[in-house]
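Fold and geometry: a report
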Amino acid sequence: MQTNLLSQQFNARSLAENATACPANATICNGTSCVLLEDNFNETLSIILSTVLTIMLALVMFSMGCNVELKKFWGHIKRPWGIFVGFLCQFGIMPLTAFLLSLVFDVLPIQAVVVLIMGCCPGGTASNVIAYWVDGDMDLSISMTTCSTLLAMGMMPLCLFLYTKMWTDSNAIVLPYDSIGISLVALIIPVSFGIYVNHKWPSKAKIILKIGSIVGAILIVLIAVVGGILYKGSWIISPKLWIIGTIFPAAGYSLGFFLARVAGLSWHRCRTVSLETGMQNTQLCSTIVQLSFTPEQLELMFTFPLIYSIFQLLFALLILGGYRVYRRHRVKTKTDVEKTEEKEDSTSTSSHAKINGGFVSNEAK
């Protein structure tokens, strides 16, 4: 009788300790690591913000389309060397890099799978905004994003089948083709309207583009903040995933730029391919992860897409800052050289005039 009473007291104490360690509505509780069910507030907030962000994203892509010239865009489609290089980066370099990082850091199988899912995702629309700010080839950027999203319907299952066999059955991963299709439509329709506006009213298109580029920059930061709010219940994950989430986007940017340069693309197209390679569609990755895994599995890698999103944004901002500093220095240097040349020309002309009795030739005037 006394043993039963002590056992009941011990169980009650354990429950009390767990109650303080984790919220009562946690679906998983292991020490202080919890995955929470979305409450009504989070669900309502998610719906409202998703609607607002979708509308804003459509407007941003409309403004990006205002910087696309139909002839150049069609030229990339007819002679798709740049798109092909981007394809090799997107579905060649990124999945292979994800595979190698998973092996090197020896992560758990389920964690390796989420890293591979991220590597197999198509390019995100944020790359178009950053490409504009670094004076990239917008026609190539838009065409690469469109083509990678379209090709993802076939390339994602193929890449996941090839790379995940040693960790899990690829059939266990649910690919949301409807989400991919929606992303494609949300990209093509507003961009098409933007191209039309640029064709008909180029002066108005420039104004729309400037406004949209600023809104787009704000939107990228806003999406990262919103993600942090909605997924705040599961930030305790393996340090290895934090390290991979830091290295992965940096590797994508660097290898994309290197391959584009080896392929003989111009500097502004190299910048474009680099951004298209490193900036992945993290929202699509999050959707696939939530559809494919149980709450117990989600605890191990739930926020990796958000970690990748944060670091891909930070590195993109570093690239943007570095390019702006380089551009300002280059323009300043070029201006100084031109002024020096003009001064030297005027000096030589003046001395020539003195020698020739004040005569100045017409070429020197």
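Residues numbered from 1 in each chain as written. Predicted model: local features only at pLDDT ≥ 70, side-chain atom pairs only at ≥ 80, totals over all residues. Heavy atoms only, no water.

1. Some details on unusual backbone geometry
Unlike most non-glycine residues, D106 shows phi in positive territory, near 50°. Of note, D135 is a non-glycine position whose phi angle comes to about 55°, a positive value.

2. A look at the packing of helix α10 (residues 239-262) against helix α11 (residues 267-278)
Here is the rule: Only the stretch in contact is used when fitting a helix axis, every axis being a line fitted to C-alpha atoms; angles between N-to-C directions are given from 0 to 180 degrees. Secondary structure elements are defined from DSSP: runs of H or I of at least 4 residues count as helices, runs of E of at least 2 residues count as strands, and each element is numbered from the N terminus. Two helices crossing with the near one rotated counterclockwise from the far one by less than a right angle form a left-handed crossing, whereas a clockwise rotation gives a right-handed crossing. Throughout, a contact is declared for two residues whenever any of their heavy atoms are within 4.5 Å. Note that Gly is not counted as nonpolar here; it falls among the polar residues with everything else outside the nonpolar set of Ala, Val, Leu, Ile, Met, Phe, Trp, Tyr, Cys and Pro and the charged set of Asp, Glu, Lys and Arg.
At a minimum axis separation of 7 Å, α10 and α11 run at an interaxial angle of 145°. Here α10 and α11 pass one another in a crossing that is right-handed. Listed contacts from α11 to P249, G252, Y253, G256, F257, A260 and R261 of α10 are W267, C270, R271, V273, S274, L275, T277 and G278. Partitioned by chemical class, the residues of the contact of α10 with α11 number 8 nonpolar, 5 polar and 2 charged.

3. Regarding a nonpolar patch on the surface
Here is the rule we go by: The residues that make up patches have over 30% relative accessible area and no salt bridge, and they are joined within 9 Å when like-charged or within 5 Å when they are Val, Leu, Ile, Met, Phe, Trp or Tyr. Under the convention used here, a 1.4 Å probe and the Shrake-Rupley method define accessible areas, while residue burial counts only the protein chains that appear. Every case where a carboxyl oxygen of Asp or Glu lies within 4 Å of a side-chain nitrogen of Lys or Arg is listed as a salt bridge.
On the surface, L96, L100, L103 and M166 cluster together into a nonpolar patch covering about 360 Å² of accessible area. Positionally, M166 belongs in the loop between α7 (138-163) and α8 (177-200).

4. Describing helix α12 (residues 282-292)
Put simply, the rule is: Burial here depends on accessible area, computed with a 1.4 Å probe over protein chains only, as a share of the maximum for the residue type. Under 20% is buried, over 50% is exposed, and the range in between is partly exposed. Any N or O atom pair separated by 3.5 Å or less is treated as a polar contact, with the protein-specific requirement of one donor-capable and one acceptor-capable atom, and with residues adjacent in sequence counted only for side-chain atom pairs.
Buried residues of α12: T282, L284, C285, S286, I288, V289 and S292, and no others. Between the side-chain oxygen of the N-cap and the backbone nitrogen of L284 there are 3.1 Å, and the N-cap of α12 in question is N281.

5. Notes on empty space enclosed by the protein
For clarity, the cut-off: In this analysis, the protein atoms alone were mapped onto a 1 Å grid. Cavities are point sets where a 1.4 Å probe fits without being able to get out; pockets are open sets with protein on both sides within 12 Å along at least five of seven lines; lining residues have an atom within 4 Å of a point. Grid points are joined across faces, edges and corners, and a volume is the space filled by probe spheres set on the points.
Going through the model one piece at a time under the given rule, you end up with 2 cavities of 30 Å³ or more. Empty space within the largest cavity amounts to approximately 50 Å³. Around the largest cavity sit I83, G86, F87, Q90, F91, M144, C147, S148 and L151, which together line it. For the lining of the largest cavity, the elements supplying multiple residues, two or more each, are α4 (81-105) and α7. Looking at which element gives the most residues to the lining of the largest cavity, the answer is α4, with 5 residues. Its residues placed into classes, the lining of the largest cavity shows 6 nonpolar, 3 polar and no charged.

6. Considering the packing of aromatic side chains
Defined as follows: What counts as a ring pair is set by centres within 6.5 Å for rings of Phe, Tyr and Trp (its six-membered ring), and what kind of pair is set by the plane angle: stacked under 30 degrees, edge-to-face over 60, tilted for all other angles. Think of it as a cone above the ring: NZ of Lys or CZ of Arg counts as a charge over the ring if it is within 6 Å of the ring centre and within 35 degrees of the ring normal.
Counted according to the given criterion, the structure contains 7 aromatic pairs. Seen from their ring centres, Y196 and W201 are 6.1 Å apart, and the 85° between their planes marks the pair as edge-to-face. On the accessibility criterion, W201 (41% relative accessible area) is partly exposed. When the ring centre of W267 is taken as reference, the NZ or CZ atom of R261 above it lies at 3.8 Å.

7. A look at the UniProt feature "transmembrane region" (unreviewed entry) in the protein
Rule in force here: UniProt positions are given in the numbering used here, feature names are shortened, and annotations may be inferred rather than shown by experiment.
UniProt records the feature "transmembrane region" (unreviewed entry) for residues 45-63, 83-105, 112-134, 140-163, 175-195, 207-229, 241-260 and 306-326 in the present numbering. Along residues 140-163 the backbone is 100% helical and 0% strand, and the end-to-end C-alpha distance reaches 29 Å. As annotated, residues 306-326 comprises 100% helix and 0% strand, and the C-alpha atoms at either end are separated by 30 Å.

8. Details of the environment of M138
Here M138 shows up in helix α7. Along the chain, M138 and N67 lie 71 residues apart, while their C-alpha atoms are 6.8 Å from each other. Excluding anything up to four places from it in sequence, M138 contacts M64, N67, V68, N128, A131 and Y132.

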